[in-house]
Amino acid sequence: MGPTMPKNKPPHKQYPRHSDALAEHRGWLARAEKVALLPFNQGGSTHPTVKVGAVLVDKDGHEIAAAANRFAHGLDRRRPERYKNGSKSLWVNCAEQMAVARAARLGVPLNEARLYVTLEPCAVCAGLLAELHIKQVFVPVGAMRRYAKLKSKWKQSIEVGLIKLAEAGITLTSIDTNTVPSGRRTKR
Ligand SMILES: [Zn+2]
């Protein structure tokens, strides 16, 4: 049996159907999804089946950094053994980590930043977000269900991640992305 779910369920904030805030959140989630699906040589995911995108946005609503889950800079993504089951997670960094690394390279502070990500943060990323004092994370409604190829070990990791977010006082908001005009419902 995996870890228990947090006592305080992450808040599911309801926005008025046509509010500007909802439109903005949907727009950033569409951007995160777009980054995930870019060709690898344009920054897209190098993961064959679980393509995740993350965008960090500053308090004024400007993009700080966007990234997909992929091999880190300088690593050889062409070795087939690195894609075998059990190996991929050792070689591919999470999208959140890549976005945070990019922000660090740019020298942009992340206090008051919010994170948009196409899949709930794993246990490692949730700890990283807590340590960075990031307070707001936005995901699509039912994000995990949209990743049909997600391994059970990742689901367990996300369960722990949700506990970490709740304990650290990080708000996880699920956004109904159904009617994003520029986005698309993905089947993975
Ligand atoms: Zn992660």
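Our structure's up above, just so we're on the same page.
This section reports on the structure supplied with the text. (Residues numbered from 1 in each chain as written. Predicted model: local features only at pLDDT ≥ 70, side-chain atom pairs only at ≥ 80, totals over all residues.)

1. Brief notes about the overall build of the protein
Test applied: Only DSSP runs of H or I covering at least 4 residues are called helices, and only runs of E covering at least 2 are called strands; the numbering of each starts at the N terminus. Residue burial here comes from a neighbour count, namely the number of other C-beta atoms, placed from the backbone, that lie within 10 Å of the residue's own C-beta, with 20 or more meaning buried, 12 or fewer meaning exposed, and in between meaning partly exposed. Placing C-beta atoms from the backbone, we regard two residues as in contact once those atoms come within 7 Å.
The helix and strand tally for the protein stands at five helices and seven strands. Reading the protein from its N terminus to its C terminus gives the helix and strand order α-β-β-β-α-β-α-β-α-β-α-β. In the protein, which comprises 188 residues, the share counted as buried stands at 34%. Across the protein, the fraction of contacts at a sequence separation of at least 24, relative to all contacts at a separation of at least 6, is 70%.

2. Points about the sheet that holds strand β6 (residues 136-140)
As a reminder of what qualifies: At least two DSSP bridges between two strands are required for those strands to pair. To get an axis, fit a line to the C-alpha atoms, keeping to the stretch in contact for a helix; angles then go from 0 to 180 degrees between the N-to-C directions.
Pairing within the open sheet is mixed, and its five strands lie in the order β2-β1-β5-β6-β7. Of all strands in the sheet, those with a lone pairing partner are β2 (63-68) and β7 (171-175), marking the two edges. Strand-to-strand twist across the sheet, computed as the mean angle between neighbouring axes with direction ignored, equals 20°. Strand direction decides the pairing type here: β6 and β7, joined by five bridges, are parallel. Each bridged residue has a counterpart across the sheet, and for Gln 136 the counterpart in β7 is Thr 171. Where helix α1 (residues 20-37) meets the sheet, it contacts β1 (53-57), β2, β5 (114-117), β6 and β7, and its direction lies at approximately 135° from that of β1.

3. Details of the nonpolar core
What counts is decided by this rule: The nonpolar core is taken to be a set of buried Ala, Val, Leu, Ile, Met, Phe, Trp, Tyr and Cys residues joined by way of C-beta atoms within 7 Å.
Ala 32, Ala 54, Val 55, Ala 95, Ala 99, Tyr 116 and Val 117 are the most contacted members of the largest nonpolar core, which has 42 residues in total. The leading source of residues in this core is α1, at six residues. Apart from the residues within four sequence positions on either side, Val 55 is in contact with Trp 28, Arg 31, Ala 32, Val 35, Glu 63, Ala 66, Ala 99 and Tyr 116.

4. Considerations on the packing of helix α3 (residues 95-106) against helix α4 (residues 123-131)
Applicable threshold: Note on residue categories: nonpolar means Ala, Val, Leu, Ile, Met, Phe, Trp, Tyr, Cys or Pro, charged means Asp, Glu, Lys or Arg, and polar means any other residue, Gly included.
It is the contact of α3 with α4, at a shortest axis distance of 9 Å, that shows an interaxial angle of 35°. Across from Glu 96, Gln 97 and Val 100 in α3, the residues of α4 making contact are Cys 125, Leu 128 and Leu 129. Here the residues of the contact of α3 with α4 are counted per class, giving four nonpolar, one polar and one charged.

5. A look at α4
Since the α-helix turns once every 3.6 residues, residues separated by three or four places project in the same direction. How we decide: Of all possible arcs, the one meant is that of the directions from the helix axis to the C-beta atoms.
Of all the residues in α4, the buried ones are Cys 125, Ala 126 and Leu 129. Each buried residue of α4 lies within a common arc of 105° when the element is viewed along its axis, so the set occupies one face. If you follow the buried residues of α4, they end up packed against α3, β5, β6 and α5 (152-167). A positive backbone phi angle near 65° is found at His 133, which sits one or two residues after α4.

6. Comments concerning unusual backbone geometry
If you check the backbone angles, Glu 112 has positive phi at about 75° while not being a glycine. Glu 112 gets classed as partly exposed once you count the C-beta atoms within 10 Å, which come to 13. Unusually for a residue other than glycine, His 133 sits at a positive phi of about 65°. Inspection of the secondary structure assignment puts His 133 in the loop between α4 and β6. A count of 13 C-beta atoms within 10 Å places His 133 in the partly exposed class.

7. So, the packing of α4 against α5
Convention followed: For this classification, under 35 degrees means roughly parallel, over 145 means roughly antiparallel, 65 to 115 means roughly perpendicular, and everything else is oblique. What makes a crossing left-handed is the near helix being turned counterclockwise from the far one by less than a right angle; a clockwise turn instead makes it right-handed.
Viewed as axis vectors pointing N to C, α4 and α5 meet at an angle of 20°, and their least axial separation amounts to 7 Å. Looking at the two axes, α4 sits roughly parallel to α5. Between α4 and α5 lies a crossing of right-handed hand. Residues Ala 123, Cys 125, Ala 126, Gly 127 and Ala 130 of α4 lie in contact with α5, whose contacting residues are Ser 157, Val 160, Gly 161, Lys 164 and Leu 165. Residues that form the contact of α4 with α5 fall into these classes: six nonpolar, three polar and one charged.

8. What to know about the environment of Ala 72
For Ala 72, the position within the fold is in the loop between β3 (70-71) and α2 (88-91). Classification of Ala 72 as exposed rests on a count of 12 C-beta atoms within 10 Å. Along the primary structure Ala 72 and Thr 46 are separated by 26 residues, whereas in three dimensions their C-alpha atoms are 10.0 Å apart.

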